[in-house]
Amino acid sequence: MVHITFPDGNIKAFESPPTGHDIACSISEGFARNCVALQKNGDLLDLNARVEEDAAVRLVTTRDPEALHILRHSAAHVMAQAILHLYKDAHLTIGPAVDDGFYYDIDMEPISEEEFPKIEAEIKKAVKAKEPFKRAAVSKAEALEFYKNEPYKLEMIRDLPDGTISFYRHGDFTDLCRGPHVPHTGFIKAVKLMKVSGAYWRGDQSNAQLQRIYGTAFFDKKDLVAYLQFLEEARKRNHRKIGTALDLFSFHDEAPGMPFFHANGMVIWNELLEYWREEHRTAGYVETKTPITLNRSLWERSGHWENYRENMYTSVIDDTDVAIKPMNCPGGMLVYTSRHHSYRDLPIRQAEVGLVHRHELSGVLNGLFRVRAFHQDDAHIFMTPEQIQSEILSLLSLEDRMYSTFGLGYHLELSTRPDKSIGTDEQWKMATDGLRSALDAYGRDYKINEGDGAFYGPKIDLHIKDALGRTWQCGTIQLDMSLPERFDLYYVDKDNEKHRPIMLHRTVFGSIERFLGILIEHFAGKFPLWMAPVQVILLPINDDLVAYTDEIGRTLQGAGLRCEVDSRAESLNKKIREAQLRYIPLILTIGNKEKASGTLSVRTLDGTVKQGISHDVFMNTVTAAIRERRLDLGLFQE
Ligand SMILES: [Zn+2]
Ligand SMILES: [Zn+2]
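Here we summarise the structure given alongside this text. This one's a predicted model, so the numbers in the text were calculated from it and none came from an experiment. (Residues numbered from 1 in each chain as written. Chains lettered and ligands numbered in written order. Predicted model: local features only at pLDDT ≥ 70, side-chain atom pairs only at ≥ 80, totals over all residues. Heavy atoms only, no water.)

### Digging into the overall build of the chain
Thinking step 1. When you go through the chain residue by residue, the secondary structure sums to 20 helices and 33 strands.
Thinking step 2. For the chain, the spread of C-alpha atoms along the principal axes amounts to about 85 × 75 × 60 Å.
Thinking step 3. Looking at the chain residue by residue over its 638 residues, the buried ones come to 50%.
Thinking step 4. Taking contacts inside the chain between residues at least 6 apart in sequence as the whole, the part at least 24 apart equals 68%.
Thinking step 5. Surface summary for the chain: the accessible area is close to 30700 Å², and the carbon and sulfur share equals 49%.
Thinking step 6. One way to put it: in the chain the 77 positive side-chain charges average out to a point 4 Å from where the 92 negative ones average out. (Helix = DSSP H or I, 4+ residues; strand = E, 2+ residues; numbered from the N terminus. Buried < 20%, exposed > 50% of the residue type's maximum accessible area, 1.4 Å probe, protein only. Contact = heavy atoms within 4.5 Å. Areas by Shrake-Rupley, 256 points an atom, 1.4 Å probe, with all protein chains shown as cover. Lys, Arg positive; Asp, Glu negative; His and termini not counted. Charge placed at Lys NZ, Arg CZ, Asp CG, Glu CD.)

### Some remarks on the sheet that holds strand 5 (residues 55-61)
Thinking step 1. Reading across the sheet, the 5 strands line up as 2-1-5-3-4 and stay open at both edges, with mixed pairing between neighbours. In the strand order of this sheet, the two ends are held by strand 2 (11-14) and strand 4 (43-46), each with one partner. Between one strand and the next, the sheet's axes are offset by a mean angle of 35 degrees, whatever the strand orientation.
Thinking step 2. Both strand 1 (residues 2-5) and strand 5 contribute to a ladder of 2 bridges, which runs parallel. Paired with Thr-5 across the bridge in strand 5 is Ala-56.
Thinking step 3. In the packing of helix 3 (residues 65-86) onto the sheet, contacts are made with strand 3 (35-40), strand 4 and strand 5, and the angle to strand 5 comes to roughly 70 degrees. (Pairing = 2+ DSSP bridges. Axes fitted to C-alpha atoms, helices over the stretch in contact; angles between N-to-C directions.)

### Section: the coordination of the zinc ion (ligand 2)
Thinking step 1. Taken together, Cys-329 (SG), Asp-378 (OD), His-380 (NE2) and His-505 (ND1) make up the full set of protein donors to the zinc ion (ligand 2), lying 2.0 to 2.3 Å away.
Thinking step 2. Around the zinc ion (ligand 2) sit 4 donor atoms; with metal-centred angles ranging over 93 to 149 degrees, the donor geometry is irregular.
Thinking step 3. Sequence spacing of the donors to the zinc ion (ligand 2): C-x48-D-x1-H-x124-H. Here the residue Cys-329 occupies a position in helix 12 (residues 329-337), and Asp-378 occupies one in strand 21 (residues 373-383), the gap between them amounting to 49 residues.
Thinking step 4. Judged by relative accessible area, Cys-329 falls into the buried class, the value being 6%. (Donors = N, O, S within 2.8 Å, 3.2 Å for Na, K, Ca; no water. Tetrahedral: all angles 85-135°; square planar, octahedral: opposite > 155°, others 65-115°.)

### Let's talk about the pattern of salt bridges
Thinking step 1. Scanning the entire structure with this criterion turns up 39 salt bridges.
Thinking step 2. Here Arg-417 makes a salt bridge to Asp-425, at a shortest N to O gap of 2.8 Å.
Thinking step 3. Judged by its relative accessible area of 29%, Arg-417 is partly exposed.
Thinking step 4. Judged by its relative accessible area of 60%, Asp-425 is exposed.
Thinking step 5. Overlapping salt bridges bring together Asp-566, Arg-568, Glu-570, Lys-574 and Glu-578 as one network. (Salt bridge = Lys/Arg side-chain N within 4 Å of Asp/Glu carboxyl O.)

### Quick look at the layout of surface pockets
Regions of empty space are outlined by a rolling probe, equal in size to a water molecule, passed over the atoms.
Thinking step 1. Its boundaries defined by the atoms lining it, the largest pocket holds a volume of some 1000 Å³.
Thinking step 2. For the lining of the largest pocket, the secondary-structure elements that each account for two or more residues are helix 11 (304-307), strand 21, strand 24 (459-465), strand 25 (471-480), helix 15 (483-486) and strand 28 (502-507).
Thinking step 3. Element by element, the count of residues in the lining of the largest pocket is highest for strand 25, at 5 residues.
Thinking step 4. Classifying every residue of the lining of the largest pocket by side-chain character gives 12 nonpolar, 14 polar and 10 charged. (1 Å grid on protein atoms, 1.4 Å probe; cavity = no way out; pocket = protein on both sides within 12 Å on 5 of 7 lines; lining within 4 Å. Points joined across faces, edges and corners; volume = space filled by probe spheres on them. Nonpolar A, V, L, I, M, F, W, Y, C, P; charged D, E, K, R; others polar.)

### Observations regarding the coordination of the zinc ion (ligand 1)
Thinking step 1. Donor atoms from the polypeptide that bind the zinc ion (ligand 1) are His-73 (NE2), His-77 (NE2), Cys-177 (SG) and His-181 (NE2), placed at 1.8 to 2.4 Å.
Thinking step 2. One way to put it: the 4 donor atoms around the zinc ion (ligand 1) meet at angles of 90 to 128 degrees, and that makes the site tetrahedral.
Thinking step 3. All donor residues of the zinc ion (ligand 1) come from one chain, and their arrangement in sequence is H-x3-H-x99-C-x3-H. Here His-181 lies in the loop between strand 11 (173-176) and strand 12 (190-200) and His-73 lies in helix 3, a separation of 108 residues in the sequence. A single burial state applies to His-73 and to His-181, both of which are buried.

### Describing the packing of aromatic side chains
Thinking step 1. All told, the structure shown has 22 aromatic pairs when counted by the stated rule.
Thinking step 2. Considering the side-chain rings of Phe-249 and Phe-251, the 6.0 Å spacing of their centres and the 80 degrees angle between planes classify their relative orientation as edge-to-face.
Thinking step 3. Through a chain of ring-to-ring contacts, the aromatic side chains of Tyr-275, Phe-406, Phe-509, Phe-515 and Trp-530 assemble into a single cluster.
Thinking step 4. Taking the ring centre of Phe-146 as reference, the NZ or CZ of Arg-169 above it sits at 5.9 Å. (Phe/Tyr/Trp six-rings, centres within 6.5 Å; stacked < 30°, edge-to-face > 60°. Lys NZ or Arg CZ within 6 Å of the ring centre and 35° of its normal.)

### Focus on the nonpolar core
Thinking step 1. Core analysis: the biggest nonpolar cluster contains 57 residues, and Phe-406 and Phe-515 have the highest contact counts within it.
Thinking step 2. With sequence-adjacent residues up to four places away left out, Phe-515 is seen in contact with Leu-272, Tyr-403, Phe-406, Leu-408, Ile-464, Cys-474 and Phe-509.
Thinking step 3. In this structure, Val-36, Val-78, Ile-111 and Cys-177 belong to the second largest nonpolar core, which totals 39 residues. (Core = buried A, V, L, I, M, F, W, Y, C linked by side-chain atoms within 4.5 Å.)

### Describing unusual backbone geometry
Thinking step 1. In this model, Gly-179 is joined to Pro-180 through a cis peptide bond whose omega is -5 degrees.
Thinking step 2. With respect to the element layout, Pro-180 can be found in the loop between strand 11 and strand 12.
Thinking step 3. Cis geometry marks the peptide bond from Leu-346 to Pro-347, where omega comes out at 0 degrees.
Thinking step 4. Mapped onto the elements of the fold, Pro-347 is located in the loop between helix 12 and strand 20 (348-357).

### Some words on the side chain of Gln-81
Thinking step 1. Looking at the element boundaries, Gln-81 is found in helix 3.
Thinking step 2. Relative accessible area serves as the criterion here: at 6%, Gln-81 is assigned to the buried category.
Thinking step 3. Polar side-chain contacts of Gln-81 include one of 2.8 Å to the side chain of Asp-172.
Thinking step 4. Each residue touching Gln-81, except ones within four places of it in the same chain, is listed here: Ala-126, His-170, Gly-171, Asp-172 and Phe-173. (Polar contact = N/O pair within 3.5 Å; in protein donor to acceptor, adjacent residues only side chain to side chain.)

### Let's talk about helix 17 (residues 546-558)
Thinking step 1. Counted at 1.5 Å a residue, the expected span for helix 17 with its 13 residues is 18 Å, and the 18 Å between its end C-alpha atoms agrees.
Thinking step 2. The elements touched by buried residues of helix 17 are strand 29 (536-540), strand 30 (563-565), strand 31 (586-590), helix 19 (592-597), strand 32 (599-604) and helix 20 (615-627).
Thinking step 3. Looking one or two residues beyond helix 17, the residue adopting positive phi is Gly-560, at roughly 95 degrees. (Expected span 1.5 Å × (residues − 1).)

### Let's talk about the environment of Pro-96
Thinking step 1. Among the structural elements, Pro-96 can be located in the loop between strand 6 (91-92) and strand 7 (97-98).
Thinking step 2. Separated by 20 residues in the primary sequence, Pro-96 and Ala-76 have C-alpha atoms spaced 7.1 Å apart.
Thinking step 3. Apart from the residues within four sequence positions on either side, Pro-96 is in contact with His-73, Phe-102 and Tyr-103.

### Quick notes on the packing of helix 9 (residues 263-282) against helix 16 (residues 512-523)
Thinking step 1. Viewed as axis vectors pointing N to C, helix 9 and helix 16 meet at an angle of 110 degrees, and their least axial separation amounts to 11 Å. Taken as axis vectors, helix 9 and helix 16 run roughly perpendicular relative to one another. Along its contact with helix 9, which presents Ile-268, Trp-269, Leu-272 and Leu-273, the element helix 16 presents Ile-512, Glu-513, Phe-515, Leu-516 and Leu-519.
Thinking step 2. Looking at side-chain class alone, the contact of helix 9 with helix 16 contains 8 nonpolar, no polar and 1 charged residues. (Parallel < 35°, antiparallel > 145°, perpendicular 65-115°, else oblique.)

### Looking at the pairing of strand 24
Successive residues of a regular strand alternate their side chains across the two faces of the sheet.
Thinking step 1. Within strand 24, 6 of the 7 residues are buried, which leaves it mostly tucked inside the rest of the structure.
Thinking step 2. Pairing geometry for strand 24 and strand 25, over 7 bridges, is antiparallel. Paired with Asp-461 across the strands is Thr-476, a residue of strand 25.
Thinking step 3. Taking the residues that link successive antiparallel strands as the turn, the strand 24-strand 25 hairpin has 5 residues, and the phi of Gly-469 there is positive, at about 85 degrees.

The values are spatial; any link to function lies outside them.
Here is the structure:
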């Protein structure tokens, strides 16, 4: 008898060792049809793998998160098969599943996307045939013999430890593979090749250049359609495109990876930071500013010279090695040590929105998302052990409040002690329990990433979710047991003895540049009123109304609004259209009727037009929306 324990704790006995498929069928035939793999004691296996002895088993269905990964890797096999059918000189290397799909690196003549339909048609033949994926265990010698004409596979097999190697076969195609795979090719209901790019074998430029062909696959055609729509929406929201269209920022070869912010971009930047300062003042922070170039001795003390030097910009000044800071922390430690602290001073919440530089490879630079120079909203909180929980709790509510101002949801992840770490068991327990108990008291769900903390302490990461449902890690709360030691930080406690403070680093936005990029895409360039570079534009409908319109414009400017008057001799429709393309939230058209009645006609970007609005109502509504940093425009919107 074999006893199978299900995730809900139920146990079922089988007369003889069952396969995953047998187990699924014992539940129902319908359920079995949607099963793609088997998880046995934590390991993912093919659905037709046999469970030889008692085990904890979970059946992976098409709805489970791992299922898509398995499907896409299976699709990579089918694509490779199609390519071998169509391109006789192609040699396969590796073909993994990745976040949004899969790719296969293939040594072949460069191909273009125009050839994709032909390859997709060949893939569909295999899908239609519902070829089962069959696993075969072979010896290393057999594997070497099988691949004797395939140089890349040979190299991979030689690198494998001695012992059996698994092959996967479907139809006339065989691949060296660990598995698992979906039961048969028919599961690949929707597949699409996405792009092709060059890649080097093993990522090494001195090796052969390969064709990396990307594709994606889904269990359902509807999911592919939704994914393609998502990509189209993301393309429209691309922050580099919007950044150029709205004249927010630019990049130049004279400083690769270092953004140049234009006048419009600086308005948003300053609003963002003003908001940040307001929230931090309220939360009891002080702000500091430290130099961006610091001596080697400091970086040796902080450990950066030894561990992070290849990412730092260095120079020699007056015969001394210096480095441009890649983070604000060491400077922040010097501020703390510049005077004595008593327990009465704690907690000290010391923030710095500092400009940092990190040398990223040019290939990974990506608009504002991945840059070489950026501002980090780091802060260091120095506290006693008793203060950990309350400090983390107030930090979590600060982050929550700030993200909700932008309409961003988020989730929390706690990362615990990694294998390589400094500090004692006792220190780690105190630090991790502190974070955990704060999270529990906070009351929101959080995910635990065991062993994923920094070497110097556990951390909480906040992953925000944008309007397209994409997640971005921005906020982080990291306890640090290293820097207080390295910088010999202390405070004098009630007992008149020196004690090490507990120190944490934290960010809300993370990189301001990256956060701005996320906001541009989240809002699709249509910033809320308080952030908009131009908040109101006034359009007189004829020349006689220009003087009157200018007068209103001056009043609005006097009230602190960013306001423009467009008195060009262009048609009203053209001016409205242009204002809409600049995403100006409020468009006021001034005609004779408005002048005679002393009212305003207000048009918003959603196309709503409200007429007969009194100047007072307009001003009160607009100033309240700005003061409260609202996402909506109240009564001006449907
Ligand atoms: Zn495979
Ligand atoms: Zn820091």
